[in-house]
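Results of the structural survey
So the chains spell out like this:
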Amino acid sequence: MINIPYNDTLAENHWNSKIKDRLVYRIKKVLRQGGVNSGKYKVRTQCRIFLNYLIKEDPAKLGDYPNLKELVISHPNRLREIIIEYKNDYPNLFIGSKNQTWSSFKRIIYNIFVDSCYELDKFFSKDEFISNIGIGTCSYCNRGYIYSVHSHSGDVKPQIDHFYPKSIYPFLGISYYNLIPSCSVCNGFGAKEENNPLNFIGKDAHGHLLYEELLKSPYELGLDDIKFTFKLLSPNLFGNFIKINIETPSKGYNRFLKLKQFYNGHTDHVEELIFKSKIKYPKSYRSSIENLFIAKGDPINTSFFYRILINNYILKDELHKRPLSKLYRDIALQLKLVTEKEITESR
Ligand SMILES: [Zn+2]
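Notes on the structure follow. Along each chain, residue indices are assigned from 1 in the same order as the chain's sequence is written. Only residues with pLDDT of 70 or above have their local features reported here, since the model is predicted, and side-chain atom pairs are shown and tallied only from 80 upward, although totals for entire chains, interfaces and linings are computed over all residues.

1. A word on the environment of P181
Position of P181 among the secondary structure elements: in strand β4 (residues 179-182). Here exposure depends only on C-beta density: within 10 Å of a residue's C-beta, 20 or more other C-beta atoms make it buried, 12 or fewer make it exposed, and intermediate numbers make it partly exposed, the C-beta atoms being placed from the backbone. Assessed through the 26 C-beta atoms surrounding it within 10 Å, P181 is described here as buried. With 82 residues separating them along the chain, P181 and N99 place their C-alpha atoms 27 Å apart. Setting aside its immediate chain neighbours within four residues, P181 contacts I130, I133, I135, S139, I146, P158 and I160. Where helices and strands are cited, they refer to DSSP runs of H or I of at least four residues and of E of at least two residues respectively, numbered from the N terminus. Two residues qualify as being in contact provided that their C-beta atoms, derived from the backbone, are within 7 Å of each other.

Written out as structure tokens, the structure is:
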């Protein structure tokens, strides 16, 4: 629900650091050996054509692999086109799901992109990947912090969700914009898991695949694609009389991520904001905060000012920093504790 800004420099570095060499090495090896798992899964025609397509070099610049690179660094909109192209060109790549036996083709691709690359720390450091992206909370729910802890008694490893699940689209197993830092709840059982953000619903008259988007990638989410409002169910403010509503662009936010249920466990936060709004913040309160800065000789720090006023980050670019910040922003606006104009014009 919190947007992650595109960063093509990071995506390019991701490709160039170790991923490119690793993938090319593995694909060539698999082609040479004719399979994986000591020959249990054999490279057959479609798979061979696909692997050769991936490692096709740019004739103008040998050592460049444009098809493979595109797969690794494309934005989500292009990844969806790639999925459709592959579905048409390599149907065997999609055989087998959660409880069904996978085709050898799918196994081999999973082996190359996931087992032999994504899962191996020497080629892909999850920790480094997440700290480079630099977001503070889960972009699916904005309820949990994203962090890792290293200690002698054991590391707490950060979580990464494959937006387009690796069990369905193993060829996106190491694609930069498909890897979403997330909290353990969203990445865990009963939540997003292996749920497919794309629901294929048939074909149009020209035979093109049609799909419904159940979730938007955090990279493609607009600021108010997800919006909170509250309703008082009784004039009595306290108790369980507050209902939080959440507007979402598609069904998956409640079906997979259970946002509505989770957020209705956070009505106490709304309660506090309502109470704050009753005080109506006399001008003198605001200016006394401002004067504190001036007294210290500092220019007023807008972000900090709002944190004192609203108790959370509410500026657009800072929403990722703390849990529930989007809820606070939306409810503060609804209560007119701040105005849209005021916070848009802030730094
Ligand atoms: Zn989450």
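2. Details of the nonpolar core
Grouped together as the largest cluster of nonpolar side chains are 39 residues, with contacts concentrated most on V72, I108, I109, I112, F113 and C117. Looking at this core, the elements that each hand over two or more residues are α1 (8-33), α2 (45-54), α3 (66-73), α4 (76-89), α5 (104-118) and β4. If one sorts the elements of this core by residue count, α5 sits on top with eight residues. Beyond its immediate sequence surroundings of up to four residues, F113 is in contact with Y118, P170, F171, G173 and I174. One finds I226, L257, Y306 and L324 within the second-largest nonpolar core, a separate group that totals 33 residues. Think of a nonpolar core as buried Ala, Val, Leu, Ile, Met, Phe, Trp, Tyr and Cys residues chained together by C-beta atoms that fall within 7 Å.

3. Focus: helix α13 (residues 325-334)
Residues spaced three or four apart along an α-helix point in a common direction, a consequence of the helix completing one turn every 3.6 residues. For α13, a buried count of nine out of 10 residues is recorded, marking the element as mostly surrounded by other parts of the structure. Along α13, the residues that are buried comprise S325, K326, L327, Y328, R329, D330, I331, A332 and L333. Buried-residue contacts for α13 involve β7 (227-232), α9 (259-263), α10 (267-279), α12 (302-310) and α14 (340-345). Just past α13, the residue K336 takes up positive phi, approximately 60 degrees.

4. Digging into unusual backbone geometry
Within the chain, S38 stands out as a residue other than glycine whose phi angle is a positive 50 degrees. Mapped onto the elements, S38 comes out in the loop between β1 (35-36) and β2 (41-42).

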